[in-house]
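Residues per chain, in single letters:
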Amino acid sequence: MSIVTVQLGQCGNQIGHEVFSALCSDIRGTHGLCSKKENESYQDSCKERFFCEEESSVPVARAVLVDMEPKVISQTLSMAARSGHWKYNSHSHFCQKQGSGNNWANGYSVHGPRHKEAIMNLVQKEAEKCDRLGGFFTTMSMAGGTGSGLGAFVTQCLRDAFPASFILNHVIWPYGTGEVIVQNYNSVLTLSHLYHSSDALLVHENDVIHKICAQLMNIKQISFRDVNQVIAHQLGSVFQPSHTAGGGSGYSRNPLGDLLEALVPHPEFRMLGLRNIPQMPENSLAYSTFSWPGLIKHLRQMLIANAQMEEGIDWQVRPPHPGSSIPSTNKPLHFNTSIANLVILRGKEVHGVDLGSFQDPSLYTPWLNPQDAFNAWKTPRAFNKYEKSAALVSNSQFLLKPLDSIVGKAWNMFASKAYLHQYTKFGIQEEDFLDCFTTLEQVISSYANL
């Protein structure tokens, strides 16, 4: 099944480009470490998901690019075409001249309705090119105006136009120190609207990825491109083909559906986080060896201690003892309870890996059977030059703190009516803000009570 990617705003378009580049360099690599037959079916499956073949034999990304200013889209189109390995369809983009001025309301209430028809026509055309449409993957930032405001509007339109399709929103959480004075407003409005129309939100935090670039990748002057390449690598490690548990010998046919079925058992819980190990500069790979038990042990501790990378994990955090019916308030400090987890293993000897430690009932909320809450996908095909790599997609309490903080900051500004006139002039009223706060307070309380 094919996935149509919708790239929204500057951040979404830059990340989308890096994702397609990462997918493409992975399937072109000869580092598969697996049989020729396995490698070919992997390549075919990836192409069916993300690219359509045209006469020119250069794969064309199944994507729609949307931005309210032309600069980033024209850069993105030409960078892809220059690579010679893949390109965007020259007609699948929509841009305007004026931008959204980092104002969510401008993107949502003005640009959205004004350009709805043109944008949805492009999406419809991409969807019609798919033999079987598996759903939509949108990528956007929460802090600005176009990605967040227009992104939330387009997601609602996708839900209305394709009620039976899966929609996964990939959202970039802004730096805590802030790029935009009103980023907390924009974030609260984006998250609450997406919660109503999306099937799940896959979240990357800028601060976390920045730390990975600095500490694991040893990059001295970190650029947005470095950050986006790490994000693209992590996304690729989830979306490249793998064998699901009951999927027989072929690759998973419905990647978005399988992902959402494994991770979103209840509509109240839609926040997904992603961790990936190992991560290191390419020139260090030749000198490194990894064992599966070591990788799995680290990944599990990253999950329960809510560590975002393999350095600096708190090894003191332990799951609560089974049978000790402690009310959730007395839970061990910093312990990160999960609703559902999916581990994806790629590379040598994957089929003998023991993942029993992820089926420990104390990791999960008591109302789900650990057998249902945990899934594992595997493929002997290595990913992106890593002989062995593991990704963990987790529906857990990992975002509680950042979410609580962003809602708190936005509420403090709202209470003193700071900058509200910028939103009311585009038709977003105080009641709309209050509805959004209510939605997110409910999400916070649901996750906190796991």
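What you see is a predicted model, and the numbers here were worked out from it, not measured in a lab.

A.B. asks: Looking at this model, I keep getting lost on the pattern of salt bridges. Mind explaining?
C.D. replies: Where charged atoms from two side chains of opposite charge come close, those side chains can pair. On inspection of all chains with the given rule, the structure shows nine salt bridges. In this structure, Asp26 and Arg381 form a salt bridge, with 3.3 Å as the shortest nitrogen-oxygen distance. Highlighted residues: Asp26 in helix α1 (residues 9-28) and Arg381 in the loop between β12 (374-379) and β13 (388-396), separated in sequence by 355 residues. On the basis of relative accessible area, Asp26 is assigned to the buried category, the value being 0%.

A.B. asks: I keep staring at the sheet that holds β13 and nothing clicks. Help me out?
C.D. replies: Adjacent strands of a sheet pair through backbone hydrogen bonds, lying either parallel or antiparallel. Strand order in the open sheet made by the 10 strands is β6-β4-β1-β7-β8-β9-β10-β13-β11-β12, with mixed pairing throughout. Because the sheet does not close on itself, it has two edges, and the strands there are β6 (93-95) and β12. Going from strand to strand, the sheet's axes swing by 20° on average, the running direction of each strand aside. Pairing of strand β10 (residues 271-277) with β13, which is carried by five bridges, proceeds in the antiparallel orientation. Within β13, the residue paired with Ile277 across the bridge is Ala390.

A.B. asks: Please explain the sheet that holds strand β2 (residues 51-52) as it appears in this structure.
C.D. replies: The mixed open sheet is built from three strands, whose spatial order is β2-β3-β5. The open sheet has two edge strands with one neighbour each: β2 and β5 (87-88). Examined bridge by bridge, β2 and strand β3 (residues 60-61) share two bridges and lie antiparallel to one another. Directly across from Cys52, in β3, lies its bridge partner Val60.

A.B. asks: What should I look at first to understand the domain arrangement of the chain in this one?
C.D. replies: Many structure descriptions define interface size as the accessible area lost when the parts assemble. Domain annotation for the chain reports domain 1 (2-269), domain 2 (282-323 + 331-397) and domain 3 (401-449). Distance from the C-alpha centre of domain 2 to the C-alpha centre of domain 3: 33 Å.

A.B. asks: Can you walk me through the packing of aromatic side chains in this structure?
C.D. replies: For any pair of aromatic rings, the description consists of the separation of the ring centres together with the inter-plane angle of the planes. Here the structure, examined in full by the defined rule, presents 22 aromatic pairs. Each ring, one from Phe20 and one from Phe50, has its centre 6.4 Å from the other, and the planes form 80°; the classification is edge-to-face. Of the two residues, Phe20 sits in helix α1 while Phe50 sits in helix α2 (residues 36-50), which places them 30 residues apart along the sequence. Across this residue pair, the class does not change: Phe20 and Phe50 are buried. Ring centres 5.9 Å apart and planes at 70° place the aromatic pair Tyr42 and Tyr251 in the edge-to-face group. A residue pair is termed long-range when its members are at least 10 positions apart, and Tyr42 in helix α2 and Tyr251 in the loop between α8 (224-239) and α9 (255-263) qualify at 209 residues. The residues Tyr42 and Tyr251 share a single accessibility class, namely buried. One aromatic cluster in this structure is built from Phe20, Phe50, Phe51, Trp86, Tyr88, Phe137 and Phe239.

A.B. asks: It is not clear to me how the nonpolar core should be interpreted in this structure. Could you clarify?
C.D. replies: Side chains of nonpolar character tend, in soluble globular proteins, to be buried together. Core analysis: the largest hydrophobic core is formed by 144 residues, its most contacted members being Leu168, Phe239, Met271 and Phe358. Element by element, the count of residues in this core is highest for helix α4 (residues 104-128), at eight residues. Not counting the four nearest positions on each side in its chain, Leu168 is found in contact with Phe136, Phe137, Thr138, Ser198, Ala200, Leu201, Leu202, Phe239, Leu256, Leu259, Leu260 and Leu272.

A.B. asks: Looking at this structure, I do not really get the environment of Gln221. What am I missing?
C.D. replies: Its location among the elements puts Gln221 in the loop between α7 (206-216) and α8. The exposed category is assigned to Gln221, whose relative accessible area is 72%. With 71 residues separating them in the primary sequence, Gln221 and Trp292 have C-alpha atoms 33 Å apart.

A.B. asks: I keep staring at the packing of helix α6 (residues 183-197) against helix α12 (residues 400-415) and nothing clicks. Help me out?
C.D. replies: The relative placement of two packed helices is expressed as an angle between their axes plus a distance between the axes. Axis separation between α6 and α12 bottoms out at 8 Å; the angle between their running directions is 115°. For the pair α6 and α12, the sense of crossing is left-handed. In contact with Asn184, Tyr185, Ser187, Val188 and Leu191 of α6, α12 contributes Leu403, Ile406, Val407, Lys409, Ala410, Met413 and Phe414. Split into classes, the residues belonging to the contact of α6 with α12 amount to nine nonpolar, two polar and one charged.

Criteria and cut-off values
- Here the residue index of a chain counts from 1 through its sequence in written order.
- Totals for whole chains, interfaces and linings use all residues, but because this is a predicted model, local features are given only for residues with pLDDT of at least 70 and pairs of side-chain atoms are given and counted only at 80 or more.
- For side-chain calculations, the full set of non-hydrogen atoms in the structure is used, while hydrogens and water are omitted.
- For this analysis, a salt bridge means a side-chain nitrogen from Lys or Arg found within 4 Å of a carboxyl oxygen belonging to Asp or Glu.
- Only runs of H or I of at least four residues qualify as helices and only runs of E of at least two qualify as strands under DSSP, and these elements are numbered from the N terminus.
- Partly exposed describes any residue whose relative accessible area lies between the buried limit of under 20% and the exposed limit of over 50%, with all areas from a 1.4 Å probe on protein chains only and scaled to the type maximum.
- For two strands to be treated as a pair, DSSP must find at least two bridges joining them.
- In this analysis, axes come from line fits to C-alpha atoms, helices being fitted only over the stretch in contact, and the angle between any two N-to-C directions falls in the range 0 to 180 degrees.
- Domain ranges listed in this record stem from an automatic or a database domain assignment.
- Aromatic rings from Phe, Tyr and Trp, with only the six-membered ring used for Trp, were paired whenever their centres fell within 6.5 Å, and each pair was classed as stacked if the ring planes differed by under 30 degrees, edge-to-face if by over 60, and tilted otherwise.
- As used in this record, nonpolar core signifies buried Ala, Val, Leu, Ile, Met, Phe, Trp, Tyr and Cys residues forming a set joined through side-chain atoms within 4.5 Å.
- Residue contacts follow a heavy-atom distance rule, with two residues in contact if any of their heavy atoms lie within 4.5 Å.
- Left-handed is the label given to a crossing in which the near helix is rotated counterclockwise from the far helix by less than a right angle, and right-handed is the label when the rotation is clockwise.
- Here the term charged refers only to Asp, Glu, Lys and Arg, the term nonpolar to Ala, Val, Leu, Ile, Met, Phe, Trp, Tyr, Cys and Pro, and the term polar to all other amino acids, Gly among them.

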